[in-house]
Amino acid sequence: MKTTFQKQFVTIKGTKDGIVIHLDDQCSYASIVSELEAKIAENHSAFDEGKDVSVRVHAGNRYLNEAQQEEVKALIEHTGVIVVDEFYSNVMTIARAQEERERDELTTYTRIVRSGQVLRVKGDLLILGDVNPGGIVEAVGDVYILGSLKGIAKAGIKGNENAVVAASVMVPSQVKIAEHLYLTESTRAERAQEILYAEPKYACIEHQEEEIVFHALNGLAAFRRDRKNRRD
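My aim in this report is to walk through the structure given alongside it, one point at a time. (Residues numbered from 1 in each chain as written. Predicted model: local features only at pLDDT ≥ 70, side-chain atom pairs only at ≥ 80, totals over all residues. Heavy atoms only, no water.)

1. Digging into the nonpolar core
Okay, step 1: Among the nonpolar cores identified, the biggest contains 24 residues, and L125, I127, V137, L149, V165 and I177 are the most heavily contacted of them.
Okay, step 2: Those elements giving two or more residues to this core turn out to be β6 (118-121), β7 (124-127), β8 (136-139), β9 (143-149), β10 (152-155), β11 (165-170), β12 (174-177) and β14 (201-206).
Okay, step 3: Apart from residues lying up to four places away in sequence, V137 is in contact with V113, L119, L125, I127, V131, V143, I152, A153 and K154.
Okay, step 4: Formed by 20 residues, the second largest nonpolar core is a distinct cluster that contains Y29, I32, I40 and V72. (Core = buried A, V, L, I, M, F, W, Y, C linked by side-chain atoms within 4.5 Å. Buried < 20%, exposed > 50% of the residue type's maximum accessible area, 1.4 Å probe, protein only. Helix = DSSP H or I, 4+ residues; strand = E, 2+ residues; numbered from the N terminus. Contact = heavy atoms within 4.5 Å.)

2. A closer look at the sheet that holds strand β3 (residues 53-58)
One key point about sheets: their strands pair by backbone hydrogen bonds, in either a parallel or an antiparallel sense.
Okay, step 1: With mixed pairing, 4 strands are arranged side by side in an open sheet as β1-β2-β3-β4. Sheet topology places β1 (10-15) and β4 (82-88) at the edges, where each strand pairs with a single neighbour. For this sheet the average axis-to-axis angle between neighbouring strands, irrespective of direction, equals 30°.
Okay, step 2: Here β3 pairs with β4 via 6 bridges, running parallel. Note that in β4 the partner of H58 across the bridge is Y88.
Okay, step 3: Of the strands in this sheet, β2 (18-23), β3 and β4 touch helix α2 (residues 66-77), which is tilted by about 150° from β4. (Pairing = 2+ DSSP bridges. Axes fitted to C-alpha atoms, helices over the stretch in contact; angles between N-to-C directions.)

Okay, structure coming up:
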């Protein structure tokens, strides 16, 4: 494919993961837009018009705001055969960096969460004690309880469906992960009996079933590895 540009600000490459459009991060944004429009028109015939072609846009060390991403996406997709699957770059906003820092924080609480008490944290939550009936714990990340969960636990409260709730004794009245909810059908008296036989478990969203399921705690490490691979 020939080009009239001496300095290429936009390059289109095929990789093992599909087509990637690289945007130069040293030129002006206007130069990117001008060359991208010409490149897409020039290379239009190279794409199979019988099916959609998904591409990823890599901006390098350039930050594209929402309006710029929409403009770049419109330029790429106007042919009707190319679909932008993802934007990514090596930089992020201060707000995004702060959000990720908070998400990775671990808050440790070393008391019993009693009835009527609400404990809420921004990252992961580790409780060295019980969550009694009527007690509520909430985390943007995961919830880990080295004790009995007899009350309510909510993980991924900002929509993270990969979050988990884990407890040494899992007899909750309610577990919520993102927007998915589990409600026990057992009475408080029945749960008191279940405590005698309860084993360490973790709760997660089973994506095939789109519901919360419980697994033996010894499988949590494998789940976390799979979760990391999905996020990466």
